[in-house]
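# An overview of the molecular structure
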Amino acid sequence: MKAGPPPTTWRATYVRLLRGAGQQADKLRSSLLMLLIAAALQGLALACITPIFLAIVHEPSSEQTVGWLSAFTLMALLATALRWRAQGFDYCGHMAQATHDLRMRLGAQLRRMPLEKLEDRRAGEITTNLLGSVDEHMNYVVTVVNLILTAVVTPLITGAATLFLDWRLGLALLLLFPAIIPLYRRRRPALDAGMRATAQENERLSAEVVEYVQGLPVLRAACCAGAVNERLQQQFETLERVQRQSHRAGAKPNLLSASIFEVGLLAVVACGVLWVVQGTLDPVSLAAMVVVVVRFAEPLATFITYTTIFALIEAALERIELLLAVPPLPQMPQMPATGRPGPAVIRFDNVSFQYAHARTPALRRLSLNLPARGLTALVGPSGSGKTTVTRLLMRYADPQLGTISIGGVDIRSLSAEDLNRMIATVFQDVHLFDDTVLANIRMARPDASDEQVMQAARSAHCLDFIDRLADGWLTRLGDAGSRLSGGERQRISIARALLKDAPIVILDEPTAALDTESELAVQAAVDTLVRERNVIVVAHRLSTIRAADRILVIENGELAQSGTHEGLLAEGGRYRAMWQAQVKINDWHLLEPG
Ligand SMILES: Nc1ncnc2c1ncn2[C@@H]1O[C@H](COP(=O)(O)OP(=O)(O)OP(=O)(O)O)[C@@H](O)[C@H]1O
């Protein structure tokens, strides 16, 4: 098993728990305090059993009997009442509130953390964090803490209190512990590591399962669903191996501690019998002690099982904290508003950017100046950096060198919301939610009226296919929008962009891979979008961008050429070569038989 970070102390776990509880931390703290007091009171109540037995047998109607019985009843009742109150953290809904808040914090973190860092994590891992870890973390905390305190604090207090009544009995009870606590302390690192490894493998497995299910249509088409299934199978096996090791790490000390405890009990009873035979201990005291000791047996013997659950909670907390600790991209102070160019003018000044996991830069000292209106096409060979330009504009990550500004304002000084408001996107891979057509378009601007949503859909040439849907505007779009064709999905996406009415629009070649009819409809929708906006198209087919106001040829992360289609053809160079190659391919298609 891989060695993880050093094991944490109980105190660190406690502090983490409170941090995880967020605004409910004070309530959780008082619940845990109540559980501690309840466990101590229960210990004191149990210490009363020996004097009660002695009083009942020797002086049944004395004041002492009444006194001890009253003390026992009072403390037992108080302990029960405190436990009820402490568990109120669960049933009064504070627990649900705390887990809800934590999910909201994780959700907010997903929205504000740099996209580059988000991309590093797989969807399944995030789901496990958002759902599994949060529940593992909070839902069992109060119950598990109660069990641990009852197992540890109650017997300790009983032993300590018994010292005052009969020091030999007290000492015998207290001696049961030293054997178990060091054993637990010695085993805790292995337990923690086991739980961490299991949690990590679980996270990996959910990521694999999510990706497998999402990718099944593609995998089946490529006839490699089986091969990937094998990978999944391996991940199942890894999890099984890690779980087995971790169970072994937990089971051994568990059995050992239970055995030590049983032997200890026998030793205590044997001592008691010896003292009775020697005439130094009242047989009634021995009987009472056996009752008390039996009461401790189960919680103490299973103490290590509870701590295993706690190690699981600890591992979940650690993963959540790791995700919450990713810092957002820094926000720079706002610049003065004087002399700014048009609001949607985009400038890249000497921008260099290298992806975290790449060996070479994706952009090298790239400078661009895009006026507030018009269509700019980014063209260039695959991997030349076109998509990176649009990603950096959306602040996927900050460039290592140079600045990017919109309307004269460095985008690093814009809030994420402001930047998001300024840019609409139309990607080839359109994500639709299982909701109505109306709702799917409206998510670009939640406060838009039905009329505004319908107008946007009309302008994006969506009406013809919406009319054909069974429930028209109220048709649910099914899982990931699978009820619509590619061209229809893209038109929904364009309708969203129109509704959002952002001054800048990024299009990832929306007409790629469409049939002629769909292409014409999408092209008409794009033409509507282009008016009055700064539109950037990442283009693969040069035929679609002949009418662009400017074409930027990106090569190897640098600006190789810029100009209009005619100008660039006349200029020669890279663009003309690309154009000629594409014309040749088209001619070749035309010449193909059939
Ligand atoms: N997340 C990433 N991590 C590491 N390297 C990346 C990442 N994304 C892209 N790259 C690399 O950065 C370079 C530029 O990629 P980019 O996606 O911008 O190219 P592109 O011109 O849009 O390509 P295409 O036309 O094929 O979509 C490529 O070498 C690519 O392999």
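Counting from 1, residues in each chain are numbered in the order their sequence is written. Two thresholds apply to this predicted model, a pLDDT of at least 70 for residue-level local features and 80 or more for giving and counting side-chain atom pairs, whereas whole-chain, interface and lining totals are computed over all residues.

### Considerations on the overall build of the protein
Under the scheme used here, helices are H or I runs from DSSP no shorter than 4 residues and strands are E runs no shorter than 2 residues, and both carry numbers assigned from the N terminus. The number of helices and strands found in the protein is 22 helices and ten strands. Partly exposed residues are those whose C-beta has more than 12 but fewer than 20 other C-beta atoms within 10 Å; with 20 or more the residue is buried, with 12 or fewer it is exposed, and the C-beta atoms are placed from the backbone. A total of 594 residues make up the protein; the buried ones form 36% of that total. Throughout, a pair of residues is in contact if the C-beta atoms placed from their backbones lie within 7 Å. Long-range pairs, those at least 24 residues apart, make up 78% of the contacts in the protein with a sequence separation of at least 6.

### Notes on the sheet that holds strand β8 (residues 534-538)
In this analysis, strands are considered paired if DSSP registers two or more bridges between them. Reading across from one edge, β6-β7-β8-β3-β9-β10 is the order of the six strands in this open sheet, with mixed pairing throughout. The open sheet terminates on both sides in strands that have one partner only, identified here as β6 (423-426) and β10 (558-563). With strand direction ignored, the average angle separating the axes of adjacent strands in the sheet is 20°. Across five bridges, the pairing between strand β7 (residues 504-508) and β8 is parallel. What sits directly across from L507, in β8, is V537. A fitted line through C-alpha atoms serves as each axis, taken over the contacting stretch for helices, and the angle formed by two N-to-C directions is quoted from 0 to 180°. Helix-sheet contacts for helix α14 (residues 386-393) involve β3 (374-379), β7, β8 and β9 (550-555), and the interaxial angle to β8 is about 145°. Relative to β6, helix α19 (residues 486-500) is tilted by about 170°, and along the sheet it contacts β6 and β7.

### A look at the sheet that holds strand β1 (residues 346-353)
Taken in spatial order, the four strands make up an open sheet running β2-β1-β4-β5, and their pairing is antiparallel. Either end of the sheet is taken by a strand with one partner, and the two such strands are β2 (363-370) and β5 (409-410). Looking at chain direction, β1 and β2 are connected through five bridges and run antiparallel. Across the sheet, residue V351 finds its bridge partner in β2, namely L366. This element, α14, spans β1, β2 and β4 (401-406) of the sheet and lies at about 115° to β1.

### Overview of unusual backbone geometry
Look at R395: it is not a glycine, yet its phi comes out positive at around 60°. When you line up the elements, R395 lands in the loop between α14 and β4. You will see that H461, though not glycine, has its phi angle at about 60°, which is positive. Among the structural elements, H461 can be located in the loop between α17 (450-459) and α18 (463-468). For H461, a count of 23 C-beta atoms within 10 Å gives the class buried.

### Details of the pairing of β3
The element β3 is largely enclosed, with a buried count of five among its six residues. Both β3 and β8 contribute to a ladder of five bridges, which runs parallel. Of the residues in β8, the one forming a bridge with G374 is N534. Two elements, β3 and β9, share four bridges in a ladder whose sense is parallel. Opposite L378, over in β9, you have L552 as the bridge partner.

### As for the environment of W275
Secondary-structure assignment places W275 in helix α11 (residues 225-278). Leaving out residues up to four positions away in the same chain, W275 has contacts with R168, T280 and L281.

### So, the nonpolar core
Core analysis: the biggest nonpolar cluster contains 64 residues, and A377, L378, A457, A495, V505, V537 and I551 have the highest contact counts within it. The dominant element in this core, judged by the number of residues it contributes, is α19, at six residues. Non-local contacts of V537, meaning those with residues more than four positions away in its chain, are made with L375, A377, L378, L507, E509 and I545. Core analysis: the second largest hydrophobic core is formed by 62 residues, W68, L191, F303 and L323 among them. Here a nonpolar core is just a set of buried residues of the types Ala, Val, Leu, Ile, Met, Phe, Trp, Tyr and Cys, joined wherever their C-beta atoms sit within 7 Å.

### Focus on the site of the ligand
Here, nearness means that the C-beta atom of a residue, built from backbone geometry, sits within 6 Å of the molecule or strand in question. In the vicinity of the ligand there are 13 residues, among which Y355, A362, S382, T387 and T388 approach most closely. Considering each element in turn, the shell around the ligand owes the most residues, three residues, to α14. The residue makeup of the shell around the ligand, split by class, is three nonpolar, eight polar and two charged. Under the grouping applied here, Gly and all other residues not named as nonpolar or charged are polar, the nonpolar ones being Ala, Val, Leu, Ile, Met, Phe, Trp, Tyr, Cys and Pro and the charged ones Asp, Glu, Lys and Arg.

### What about helix α8 (residues 141-165)?
What a helix should span is 1.5 Å times the count of its residues minus one. Across its 25 residues, α8 extends 35 Å between first and last C-alpha, which sits within 8% of the 36 Å expected from 1.5 Å per residue. Residue T150 marks the point of greatest curvature in α8, where the axis turns by about 30°. Note that the bend at a residue is defined as the angle between axes fitted to the seven residues ending at it and the seven residues starting at it.

### Here's the deal with the environment of T198
Locating T198 in the fold gives a position in helix α10 (residues 176-221). Between the alpha carbons of T198 and S246 there is a distance of 7.4 Å; along the sequence they are 48 residues apart. What T198 contacts, discounting residues up to four positions off in sequence, is V242, Q243 and S246.

### Digging into α19
Taking 1.5 Å per residue, 15 residues should reach 21 Å; α19 reaches 21 Å between its end C-alpha atoms and fits that length. At the exit of α19 stands D501, carrying a positive phi of roughly 55°.

### Considering the UniProt feature "transmembrane region" (unreviewed entry) in the protein
UniProt positions are given in the numbering used here, feature names are shortened, and annotations may be inferred rather than shown by experiment. As annotated by UniProt and renumbered to match this structure, "transmembrane region" (unreviewed entry) occupies residues 32-54, 66-84, 140-161, 167-184, 255-278 and 284-313. Note that residues 32-54 is 96% helix and 0% strand, and that its end C-alpha atoms are spaced 35 Å apart. Along residues 255-278, the helical share is 100% and the strand share 0%, with 34 Å between the first and last C-alpha atoms.

### Digging into the confidence of the model for the protein
On average, the protein scores 80 in pLDDT, and the residues at 70 or more come to 83%. Per residue, pLDDT measures the predictor's confidence, with a range of 0 to 100. At the level of individual helices and strands, the protein shows its lowest average pLDDT in helix α7 (residues 123-139), which scores 67, and its highest in β1, which scores 93.

### A closer look at the packing of helix α2 (residues 25-47) against helix α4 (residues 63-91)
As a packed pair, α2 and α4 sit with axes 8 Å apart at the nearest point and diverge in direction by 160°. With respect to α4, the element α2 is oriented roughly antiparallel. Here α2 and α4 pass one another in a crossing that is left-handed. Seen from α2, the contacting residues are K27, L28, S31, M34, L35, I37, A38, L41, Q42, L44 and A45; seen from α4, they are F72, M75, A76, L78, A79, L82, R83, R85, A86 and F89. Note on angle classes: values under 35 degrees are labelled roughly parallel, values over 145 roughly antiparallel, values of 65 to 115 roughly perpendicular, and the remainder oblique. Crossing handedness is read from the near helix: turned anticlockwise from the far helix by less than a right angle, it gives a left-handed crossing, and turned clockwise, a right-handed one.

### Focus on the pairing of β9
Burial analysis of β9 places five of its six residues in the buried class, the great majority of the element. Looking at chain direction, β9 and β10 are connected through five bridges and run antiparallel. Its bridge partner lying in β10, V553 is registered against Q561. Counting the residues between successive antiparallel strands, the hairpin from β9 to β10 contains two residues, one of them, N556, with a positive phi of roughly 55°.

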